[in-house]
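Here are the chains, one letter per residue:
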Amino acid sequence: MTEQCSLCGLPTPSAPITGADVEGTFCCQGCLEVTRSLDESDVQGSGSDVRAEIRERAGESSRDRADADDLAEAFLAIDGMHCTTCESFLSLRGESTEGIASVEASYATDTARVRYDPDHVERAHLPEKLSGYGYTARFRDGDAETRHQESTITRLVVGVFLAMLVMPWYLFFLYPRYVGVDIGILTADMTTTVNLYFPMAVIALLATGVVFYTGWPILRGAYVSLTTGHPNMDLLLAVAILGAYTYSTVALATGSIHLYYDVSIAIVLVVTAGTYYEQRLKRQATGLLSSLTEARVSEATRRTADGRTETVSVEELAAGDEVIVAPGERVPADGTVREGTAAVDEAILTGESLPATKEPGDEVVGGAVVTDSSLVVEVGDGAGNTLDRLTSLLWSVQSEGHAVQRFADRLATVFVPLVLLVAAVVTGWRLLAGGEIAGALLAGLTVLVAACPCAMGLATPLAVAGGLRDALERGVVVTNGALFESAPSVETVVFDKTGTLTTGEMEVREFVGDKTALEAAAPLERHSSHPVASAIVDFATTETDGHSGDRGPESGDSPDSGLDVEPDGGLEGSAVSADTDGPSASVAEFERHPGEGISGRVDGDRVVVGTPELVERQAGPLPEPLEAAVEAARDGGDMPVAIGREGRAQAIAIVGDREREGWQAVLEDFSDRDVVVLTGDDESAAERFREHPAVDSVFAGVPPDGKVATVRRLGAERTTAMVGDGTNDAPALAAADVGVAVAGTARAAEAADVVVPDGTLSDVPVAFDLASATRRRIRENIGWALLYNAVALPLAALGVLNPLFAAVAMATSSILVVSNSRRPVL
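Residues numbered from 1 in each chain as written. Predicted model: local features only at pLDDT ≥ 70, side-chain atom pairs only at ≥ 80, totals over all residues. Heavy atoms only, no water.

With that out of the way, let us pick up the overall build of the protein chain. Tallying secondary structure elements over the protein chain gives 27 helices and 29 strands in all. Within the protein chain, the fraction of its 826 residues that count as buried is 52%. (Helix = DSSP H or I, 4+ residues; strand = E, 2+ residues; numbered from the N terminus. Buried < 20%, exposed > 50% of the residue type's maximum accessible area, 1.4 Å probe, protein only.)

Right, here's the structure in full:
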């Protein structure tokens, strides 16, 4: 019976790894070293308990040492990882190296994120620091990945070209001779040894190029699996490829023309083509995700020591720099307000749909929108974090592995020894029965060829590639292959409110009072970049023209009113014309009241628009109907905006977060699961979602940390999905079994398993449907591959098949898997 690793529980190799100072046997050097590192600790319990303790300690060590300033970050591909314990071993090994603060290794992606001190270790030396004990580290920058994909194409093209030179000899000469048919082609001059064997030698040479050039990645993967003592799918493929190649070479050297180079060539080309297809789909996914960066801040206005300003790239900002953010612009980096007071839309961080007033000393988050007045912000630590997060996201997409593929690799640990044993038994039995050596070897080769796992090797990657393809066609980007396994099992779906079920943009829900007040308020609001101003302008245009006309500046865009705005954004004392679709209105004495509203003269009339308190101070008390509207708006979680003109309060515009189109139908699509709505807003703002029949629970007033705790609590007993958009949702997205980012921020997308870049909420249920369909396709492919091997292997062992027919059967099974994977999953 196969022994199990004392640490991780995986089967040990035939020669288990042991240590004189450590009890137990281990599957790899990594497990031994981890156990040795904790030898004097009090870690006790089952293998899973020990692994959890190891990961916790490694994580604590990483966090403690990652707090240091001035650390650089690099991403390395790691070859040789084959169990989750390898993650902890690489972390412990890296963190014991001078100059390396933390190493976060991922078995699923074969990638390590390394944080290091560039003053103590050079970036170029990182791979050698982490290599050893069967692991090989290498850089994976963007150019390297591009070269890797180009290398796959080159290998495939060369392999196809060489195969085109080889296969005519098989089609018109060797295949007919194998079955005793003389078709009279290429046989006239084949009577002499030279004329017969010289073309065969050319075939051998061409096949050598295919096997050892095009097939090199497969052979290298097999070598890595041998050095770690764990057979994988590459080893299964390599056994068949080299078995057919070696037999053919020996046969040619002994005067036989029963050559099976075609089998080796077919295996190499089929697998390489499948690898290229999957890489191409992943590259498309990366390209679509890159569009998420287009709305990010790329430049900032930095104030120099002498008071002048300069435009610099965001990457050039350093802690302590002061940047000037004009109304309508995004804050380029996290920091603290030093000068100015303004309403800032920080939904990206807090999830609150309404802007918050920021004063000197308050912190602001990079990406938040300054709405109504300029701010001077001092850049805090980590100014480049946004770029780093996006880099992490793109690498995770390009290097993602799949849980079902790991199942196939675990199957290989049993299947490879079994196939080798069967081949050896068949060969030995033929020899003991008095058969010729060539015949016995041919029987063993037939077993190896029949058992060649081309179909098994293609089953998962092609099905996943098909799922990625169909998802991309629908505007959905899968960033974690585990989605295909976990999404179909989801029992609870948690939706964030602001930015997910709503758009995060303001709209006028109700207007109470004299609508002619809009004619005075709209020209004034056109000169404000506050999101509420845009909502009032839109509403006024709709009311007066019957359709959406001129819009005020959108949240996040610089205002473009055609006005001569002074550097501080003021228009005090000026008289200008507000261009509209309707009659021109003259605006004078424009004044901002940060956090409260605006005022000025419109066609000579004194107009004030803002909070009820501001209007009461400047235009007089609110009539009773307007006071009732204010109270109702606040009870409903909306914002009341008062309008006063010529010393009299005239109207109330009730402004609220615009609901996202189709949100009710989307919730209905998940009616077969428990649906939960989370929001940072208060109870009144969330009340309308309680009334939806598909919603089981609503949790309001939940801060970001509370969202994580809620998701974890819900996920303790049931598989849970989280759907969100903002930076404040990122921890909850990561905590859920399945995270879905609807457009939103880079931090949210980084934490998610699937991203809907264009923000179409109706694509969320589509993502779940695609995941379920892809999982079915994966299981169909693996089922067919297992069925093929269950039939072909006994037939080969009994001598019913020869290598040629075994190769045909193998190719047929692969074609069926490929054809099944090419079908749309939905």
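To continue, consider the pairing of strand β17 (residues 492-496). Within β17, five of the five residues are buried, which leaves it mostly tucked inside the rest of the structure. Neither face of β17 is left uncovered, since the one carrying T492, V494 and D496 and the one carrying V493 and F495 both have all their residues buried. Pairing of β17 with strand β25 (residues 674-678), which is carried by five bridges, proceeds in the parallel orientation. Paired with V493 across the strands is V675, a residue of β25. (Pairing = 2+ DSSP bridges.)

Another aspect to go through is the side chain of R673. For R673, the location among the structural elements is in the loop between α21 (663-669) and β25. At a separation of 2.9 Å, a polar atom in the side chain of R673 contacts the main-chain carbonyl oxygen of V490. Those residues in contact with R673 that lie beyond four places of it in its chain are A487, P488, V490, E491, V493, D696 and F768. (Polar contact = N/O pair within 3.5 Å; in protein donor to acceptor, adjacent residues only side chain to side chain. Contact = heavy atoms within 4.5 Å.)

Turning next to the pairing of strand β24 (residues 648-659). With nine of twelve residues buried, β24 lies mostly within the body of the structure. Note: strand β23 (residues 639-645) against β24, seven bridges, orientation antiparallel. In the strand pairing of β24, A642 is matched with I652. A loop of two residues connects β23 with β24, the two strands running antiparallel in sequence, and E646 in this loop sits at a positive phi of about 50 degrees.

All right, on to the packing of aromatic side chains then. If you walk through the whole model with that rule in mind, you get eight aromatic pairs. Summarising the aromatic geometry, the rings of F670 and F768 are spaced 5.3 Å apart at their centres and angled 80 degrees between planes, so their arrangement reads as edge-to-face. Placement of F670 in the loop between α21 and β25 and of F768 in helix α26 (residues 763-797) is noted, with a sequence separation of 98 residues between them. Given a relative accessible area of 1%, F670 falls into the buried group. According to the relative accessible area criterion, F768 is buried, its value standing at 3%. Three or more aromatic residues joined by ring pairs form one cluster here, namely F212, Y245 and Y261. The ring centre of Y213 lies 4.9 Å from the NZ or CZ of R155, which sits over that ring. (Phe/Tyr/Trp six-rings, centres within 6.5 Å; stacked < 30°, edge-to-face > 60°. Lys NZ or Arg CZ within 6 Å of the ring centre and 35° of its normal.)

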